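Here is how the chains run, residue by residue.
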Amino acid sequence: MDTKADDEGNLPIVVEFTGGLELLFSNQRKHQIALPSTDENGRSANLAFLVRYLCQSLMTGRRKDMFVTDGTVRPGILVLVNDADWELEGEDQYELKRNDNILFVSTLHGG
Amino acid sequence: MPPTPCALCNASRALIIRPKNHQKLCKACFISLFETEIHNTITANSLFSPGERVAIGASGGKDSTVLASVLKTLNERYNYGLKLMLLSIDEGIKGYRDDSLQTVKRNAVQYEMPLEIVGYDELYGWTMDQVVSQIGKKGNCTYCGVFRRQALDRGAARLGIKHVVTGHNADDVAETVMMNLLRGDLPRLARATSIVTASAASEIKRSKPLKYAYEKEIVLYAHHKGLDYFTTECIYSPEAFRGSARTLIKSLERVRPSAILDVVRSGEDMARLVPAEVSGGHRGGKDVIVNEGEAEGDGGCGSANGRASGGEMADMEKQLLENDGARDNETEITVNGHKHDPNCNKSNRMPKKLRKQQMGKCARCGYLSSQDICKACMLLEGLNKNRPKTQIQVSVEEEDSSPTLTRRMEGLTVIPGHQT
Ligand SMILES: [Zn+2]
Ligand SMILES: [Zn+2]
C-alpha cells in the first residue's frame, strides 16, 4: 500500500555533508540511509526529524553544536533538498520522500 | 509544496532564494545574476584597468575559488583585458596547507592561470608548524595573520604585480564592521569597509570584488557550478567559529537575511564620517583608503581572508576593560559635529580620542608601518630570541610561552585605534 517506504517502513534517502560537516559524520561526504518513515509521534518523517535522527544515529564526532543549535540546524549551514534551498520547501517541516537527496553545507569554515 | 517557478525566466524551477531580497531563482538565472552583480561592482568602482596584471590571493577555499572562477568568466565575457594569476601562501602547516595547495594547483590548471606560491619559511625563516611548536597553539593565529598580510604583498612584488584581489565577502565585511564597532576602532572600521585599499609604501593595491556578495550565495555558486574547493578547517584553529562575531552575523541572517548587507552599508556610512587623518588619509579617488595591510579582517586564520579567530567576543570584553586604563598620550583629534551640552559635563560623554596615523617604513624590512619596527619583525624578534637550541626544548615551550613576547603582544593588541 505504502509506495513511499520500503518493507520495514523506512525511506531510502541520500544525505550529504560538505564544507567541513563531513568531519562529524565518519569523515564521509555521502551517506545512503534508511530513515524511519514516521517520527516519534507517528507523523510522517520531516526534515526536523531527519536532523534529530542524524544526531542520534549517524553522527560520529562529538561536536554536535557544530551541526545543531537550539534544536535546529545551526545558522550558517545551508540545507538543500534535491538541490533546492530548504526555505523553498518549508524548511524543517518538509516531508521526506523516497530517494530524496538532502545536502548540508557549512559556510562557517575558512574561505 | 508545488515547485516555485523562477522569478526571472518563469520557466525553470526556482532552487535559490536570494538572502538580500527573497527573490526566487532557477540555477541558470542565479549564476548569471551573481556574475552580473560582481561585474557591476567592478565597473562601478573602476577596480581594474585594461592590460592590468592582477594576482588573486588563492587559498583553495570557497571564496577565492569562486573569485578566480568569476573573474575568469567576466574577463572573457566583458573583455577586461586582465592578466590574471593565482598567488598562494604556504604557511607551512602539514596536513592542512598541503591539501589546500593541491586544490589551488588544480584550480591553476582548471582556470589556466599561472600560480605562485610563497612560503613563510622562505620569507620569515619560520613555518607555522615551527611557530606553534615554540609558542603553543594559543595566539598562533596572530602570527599567522600578521605574516600573511606581508606575504601577499611580497609575493605580488616578486611577480611585479601591483594589484592583489582577495575573496572577502559581505559576511566578512559585516563581521569586521561589528567587531570594530564594538571596539570603537573607527580607523580600522573605515579601512575595512573600503572596497579598495592602497598603501603608499608597498605600491600594492588590494581590492575585494566580492565585497557585496553573501557568503551563502558564494557557497551556492560554487555548488551549482560544481567548483573544486577545499573545506577543512585549519588544524591550529579548530574552534575558530565558536562564540565569534561570525556566529552573531549568521544568527542575524537567519532572522533577517538582508541584515548582512545592511551592516555593510551602515559600516560604509559610518566610515564616511571618519576624518581622513584618522582613517589613514585618502589617496585621490573615492573609497580608496591608505592602509598598512590591516584592513582585511583581524588577523585570524583558516583562509587567505584572515578571518577573525575564535572566542574573540570574550577576548574583546577583556580588552575593553583593559582599554579603560590604556589612554596614553595620543595625538588628539576631536570628532566634530557633536554639540557639547554644558549640562552634560558630569556625564561620561567625552569626545572620543583617536590616534593619528603616521605611516613610515619598518627599519628592518622596509614594509609599511606606523612604528619603527613592523608587527611581523616584532613577532620575529620574539620568536628568534627564543628559538630552541635543540628539538627537546620544544615540548617544554608548549605550555609556557615567552613572557616578554606575551607582554609585547598585549601591547600590540589592546590599544584602541592603534596600528602597529
Ligand atoms: Zn530562471
Ligand atoms: Zn618589518
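Up top you'll find the structure we're talking about.
Remember, predicted model here, so these are calculated numbers, not experimental data.

Examining the coordination of the zinc ion (ligand 1)
In an ideal octahedron of six donors the angles at the metal are 90 or 180 degrees, and in an ideal tetrahedron of four donors they are 109.5 degrees.
All names here are of chain B.
Right, on to step 1. Protein-derived ligands of the zinc ion (ligand 1) are Cys6 (SG), Cys9 (SG), Cys26 (SG) and Cys29 (SG), with the metal-ligand distances lying across 2.3 to 2.4 Å.
Right, on to step 2. One can describe the donor arrangement at the zinc ion (ligand 1) as tetrahedral, given that its four donor atoms subtend angles of 103 to 115 degrees at the metal.
Right, on to step 3. Along the chain, the residues that donate to the zinc ion (ligand 1) are spaced as C-x2-C-x16-C-x2-C. The two residues Cys26 and Cys29 agree in class, both being buried.

Details of the interface of chain B and chain A
Right, on to step 1. Every contact between the two is made by 32 residues of chain B and, on the other side, 30 residues of chain A.
Right, on to step 2. Counting each side, the surface lost to burial between chain B and chain A is near 2800 Å², with a carbon and sulfur contribution of 55%.
Right, on to step 3. A salt bridge links A:Glu89 to B:Arg13; its shortest N-O distance comes to 2.9 Å.
Right, on to step 4. Joining chain B to chain A, the criterion identifies eight residue pairs in polar contact (both at pLDDT 80 or more).
Right, on to step 5. Among the secondary structure elements, those contributing two or more residues to the side of chain B that touches chain A are strand E1 (16-17), helix H2 (62-77), helix H9 (215-225) and helix H10 (245-255) of chain B.
Right, on to step 6. Of all the elements, H9(B) adds the most residues to the side of chain B that touches chain A, at six residues.
Right, on to step 7. Broken down by class, the residue content of the side of chain B that touches chain A amounts to nine nonpolar, 11 polar and 12 charged.

Observations regarding the pairing of strand E5 (residues 115-119) of chain B
All names here are of chain B.
Right, on to step 1. Of the pairings in the sheet, the one linking strand E4 (residues 83-90) to E5 comprises five bridges and is parallel in character. Pairing of Leu86 across the sheet is with Leu115, part of E5.
Right, on to step 2. Taken together, E4, helix H3 (residues 97-110) and E5 form a β-α-β motif whose crossover is right-handed.

Remarks on unusual backbone geometry
Right, on to step 1. Of note, the phi angle at A:Asp70 is positive, near 50 degrees, even though the residue is not glycine.
Right, on to step 2. Of note, the phi angle at B:His22 is positive, near 65 degrees, even though the residue is not glycine.
Right, on to step 3. Secondary-structure assignment places B:His22 in the loop between E1 and strand E2 (24-25).

Rules used in this analysis
Residues numbered from 1 in each chain as written. Chains lettered and ligands numbered in written order. Predicted model: local features only at pLDDT ≥ 70, side-chain atom pairs only at ≥ 80, totals over all residues. Heavy atoms only, no water. Donors = N, O, S within 2.8 Å, 3.2 Å for Na, K, Ca; no water. Tetrahedral: all angles 85-135°; square planar, octahedral: opposite > 155°, others 65-115°. Buried < 20%, exposed > 50% of the residue type's maximum accessible area, 1.4 Å probe, protein only. Contact = heavy atoms within 4.5 Å. Buried area = accessible area lost by both parts, 1.4 Å probe. Salt bridge = Lys/Arg side-chain N within 4 Å of Asp/Glu carboxyl O. Polar contact = N/O pair within 3.5 Å; in protein donor to acceptor, adjacent residues only side chain to side chain. Helix = DSSP H or I, 4+ residues; strand = E, 2+ residues; numbered from the N terminus. Nonpolar A, V, L, I, M, F, W, Y, C, P; charged D, E, K, R; others polar. Pairing = 2+ DSSP bridges. Right-handed = clockwise from strand over helix to strand, strands pointing away.

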